[in-house]
Every structure is written in structure tokens, then in C-alpha cells.
Amino acid sequence: MKLIKCDTNDYQRITDFYKYVIENTKEMEKYARWKYGQHPTDEMIKGYIDGGHMYYEEKDGEIIAAVALTPFQNEDYHPVDWSINLKDDEVFVVHILCVNPHMQKQALAKDTMDEIVQMAKIMGMKAIRLDALCCNKPAHKLYEKCGFIKRGIQNWYADNAGWIDFFLYELVL
């Protein structure tokens, strides 16, 4: 598979895909706790698309995975004890990764993460970082399988979960 950059024409397809994933993922409330309109939101997805940071993969014309990738980290990541000190624009950050729930257990998320790593290397990034809710054990397992190391915990507020701990992961490239 190959990641395809979204453009404004993809907005409805992408928002529909996230809604579909949320509605059809077993134990969404237990792990990721996504609630469309709280996380992710229309504004968030539009911002990622408008900024050139939203990607998807498709099979037979249907979206099977989506992710936002920013070529920078924001100041929320500054307090973490990362293994390497980097400028904000030397870091690729993964946001709102999801796969079609009917294609889970087929290594699609792992393949998508591998594609993200290759993209970050081509762009000259020095690390990939991301955060996941502390209760999102399937995501932790995926990231660790992909070589990411848990580097810290931050307590942040999220509209969909309230004040909650996030695990922060890093893969040095």
C-alpha cells in the first residue's frame, strides 16, 4: 500500500471514514475513546487536509487507513524526556491513525506505520513521535512492535476523555 496525500476534495470521504471506523470498531470506548465531533472533529480533519498533513490508503477505491502526519512537534511534547534533543521541525508526529475495522488483524496498521517511517526518512526527519491514551493497549502493542520506545507520560485534557494520561512514544531514525 502507499499513503496518498488528501486534498480538499477528499474531505467528505475522510470524515465519513473516521465516522465509520468509530462506529464499527470493537471496544472503541475502552481503548481509543474516540467520539466523532469531540475527537476527531471536522475542524481537526479540515486543518490537517488544508495543511497538507492528512493521508490515506485505499484498496479497490475504498479508504482502508487514514492518518495525519505533521512534520513538526508542538510544545506539548517539550516536557518529555526524549532520547535525543531535536528541533520541533526535525520531528514527524503521527496523529489519528486508524484502519478499517474489518481489515484489522491483517498487519495493515503495521504496514502503514512502515510507510510512515519511510516517508519520514525521505523527508530527512530525525525521529517520529506520537502519543496514545494510556488505556489504548492495542496501539501500544502496535507502536512497540514497530520499534517505538515509550519515553514518557503526560496528563492532558481531551474532549473525548477528560483529564487522562497519554503515553508518548519515539522512534529515532
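Everything quoted here is computed from the prediction, not taken from an experiment.

## A word on the sheet that holds strand β6 (residues 149-158)
Strand order in the open sheet formed by 7 strands is β1-β2-β3-β4-β5-β7-β6, and the pairing between neighbours is mixed. One side of each edge strand has no neighbouring strand; the edge strands of this open sheet are β1 (4-5) and β6. Those strands touched by helix α2 (residues 42-50) are β2 (54-59), β3 (62-70) and β4 (91-99), and its axis lies near 130° from that of β4.

## What to know about unusual backbone geometry
Cis geometry marks the peptide bond from histidine 39 to proline 40, where omega comes out at -5°. Mapping proline 40 onto the fold places it in the loop between α1 (11-24) and α2. Residue aspartate 60 is not a glycine yet carries a positive backbone phi of 55°. As for its position among the elements, aspartate 60 is in the loop between β2 and β3. Even without being glycine, alanine 107 reaches a positive phi, approximately 65°. By the element assignment, alanine 107 lies in the loop between β4 and α3 (108-122).

## A short note on the nonpolar core
Within soluble globular proteins, side chains that are nonpolar generally end up buried alongside one another. Of all hydrophobic cores here, the largest spans 30 residues; its most connected members are Leu69, Val94, Met113, Ile116, Tyr143 and Phe148. For this core, the leading source of residues is α3, giving 7 residues. Here tyrosine 143 is in contact with Leu97, Met113, Leu130, Ala132, Phe148 and Tyr169, once residues within four sequence places are set aside. Ranked by size, the runner-up nonpolar core spans 19 residues in total, among them Phe17, Trp34, Tyr56 and Ile96.

## Looking at the packing of aromatic side chains
Applying the stated criterion across every chain, the model contains 8 aromatic pairs. Aromatic side chains phenylalanine 17 and tyrosine 18 sit 6.2 Å apart centroid to centroid with 75° between the ring planes, which places their arrangement in the edge-to-face category. The same class applies to phenylalanine 17 as to tyrosine 18, namely buried. Seen from their ring centres, tryptophan 156 and phenylalanine 166 are 5.2 Å apart, and the 45° between their planes marks the pair as tilted. Here the residue tryptophan 156 occupies a position in strand β6, and phenylalanine 166 occupies one in strand β7 (residues 162-172), the gap between them amounting to 10 residues. Note on tryptophan 156: relative accessible area 16%, which makes it buried. Judged by relative accessible area, which is 10%, phenylalanine 166 ranks as buried. Among the aromatic residues, those joined into a ring-pair cluster are Tyr77, Trp82, Trp156 and Phe166.

Here is what the cut-offs are and how they apply
- Residues numbered from 1 in each chain as written.
- Predicted model: local features only at pLDDT ≥ 70, side-chain atom pairs only at ≥ 80, totals over all residues.
- Heavy atoms only, no water.
- Pairing = 2+ DSSP bridges.
- Helix = DSSP H or I, 4+ residues; strand = E, 2+ residues; numbered from the N terminus.
- Contact = heavy atoms within 4.5 Å.
- Axes fitted to C-alpha atoms, helices over the stretch in contact; angles between N-to-C directions.
- Core = buried A, V, L, I, M, F, W, Y, C linked by side-chain atoms within 4.5 Å.
- Buried < 20%, exposed > 50% of the residue type's maximum accessible area, 1.4 Å probe, protein only.
- Phe/Tyr/Trp six-rings, centres within 6.5 Å; stacked < 30°, edge-to-face > 60°.

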